[in-house]
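Secondary and tertiary structure notes
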Amino acid sequence: MTESAPASGEASAPPGVIEALQRLQADGRAGVHATAETVHMLGRLLAADLALARAAVLRALVCLALMIMFGGSAWLLLMAALVALLHGVGLSWLGALLLAALLSLAVTMLAFWAARRYLAHGGLQTSRRQLRRLVQDALAVLEALRTAAPPQTPDAAAGPAQEAQS
């Protein structure tokens, strides 16, 4: 005895299911497109942030060079000229040396402050903030999907209980 093939009307899915699958497919494609666009924009943001960091590092290196130059050469040049001038005006040797050292230290600290300010741009803060926001949004969507579990049918809920009683 052979089974007869089902009639063509029995094998086709109801029209509502096909439309739902088509909508699901379109929504999936839209989600993939939105994800690709987000990744592309995040890449552009990271590239811009890296360009800013590169410029900040170059400026910081210039300030560091100035700091070293003034820290070293100011000690030699200003000590010689200023100490001689201050001693010529009547200041003691100790007072003249102290004023020259304070001037050199002030210029060194100014260059240090500028270098530190420029290096703050190298932390990629904008990219970190956007990536954190993207991850938080994705986690919120996953949590919403996890908590919105599909309702169980009475047969599925009663199935394990009936098997345990048997």
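Here is a short report on the structure shown in this document. (Residues numbered from 1 in each chain as written. Predicted model: local features only at pLDDT ≥ 70, side-chain atom pairs only at ≥ 80, totals over all residues. Heavy atoms only, no water.)

**Structural notes on the overall build of the chain**
Regarding its fold elements, the chain presents five helices and zero strands. Walking the chain from its N terminus toward its C terminus, one meets helices and strands in the order α-α-α-α-α. Sequence separation of at least 24 residues holds for 73% of the intrachain contacts in the chain that already meet a minimum separation of 6. Carbon and sulfur atoms form 69% of the exposed surface of the chain, whose accessible area is close to 13,100 Å². (Helix = DSSP H or I, 4+ residues; strand = E, 2+ residues; numbered from the N terminus. Contact = heavy atoms within 4.5 Å. Areas by Shrake-Rupley, 256 points an atom, 1.4 Å probe, with all protein chains shown as cover.)

**So, the side chain of Asp49**
On the secondary structure map, Asp49 appears in helix H2 (residues 15-89). The contacts of Asp49, once residues within four sequence positions are left out, are Leu124, Gln125, Thr126 and Ser127.

**Quick look at helix H3 (residues 93-119)**
For the α-helix, the turn length of 3.6 residues means that residues three or four positions removed from each other point alike. With 27 residues, H3 ought to run about 39 Å at 1.5 Å a step, and its terminal C-alpha atoms sit 39 Å apart, in line with that. Taken together, the buried positions of H3 are occupied by Ala96, Ala100, Ser104, Thr108, Ala111, Ala114 and Ala115. (Expected span 1.5 Å × (residues − 1). Buried < 20%, exposed > 50% of the residue type's maximum accessible area, 1.4 Å probe, protein only.)

**Brief notes about a positive patch on the surface**
Taken together, the side chains of Arg128, Arg129, Arg132 and Arg133 define a basic patch exposed on the protein surface. Tracing the backbone through its elements, the reader meets Arg133 in helix H4 (residues 125-147). Given the relative accessible area of 42%, Arg133 is considered partly exposed. (Patch = residues over 30% accessible without salt bridge, like charges linked within 9 Å, V, L, I, M, F, W, Y side chains within 5 Å. Salt bridge = Lys/Arg side-chain N within 4 Å of Asp/Glu carboxyl O. Lys, Arg positive; Asp, Glu negative; His and termini not counted. Charge placed at Lys NZ, Arg CZ, Asp CG, Glu CD.)

**What about the environment of Leu77?**
Looking at where Leu77 falls in the secondary structure, it is placed in helix H2. Separated by 27 residues in the primary sequence, Leu77 and Ser104 place their C-alpha atoms 9.8 Å from one another.

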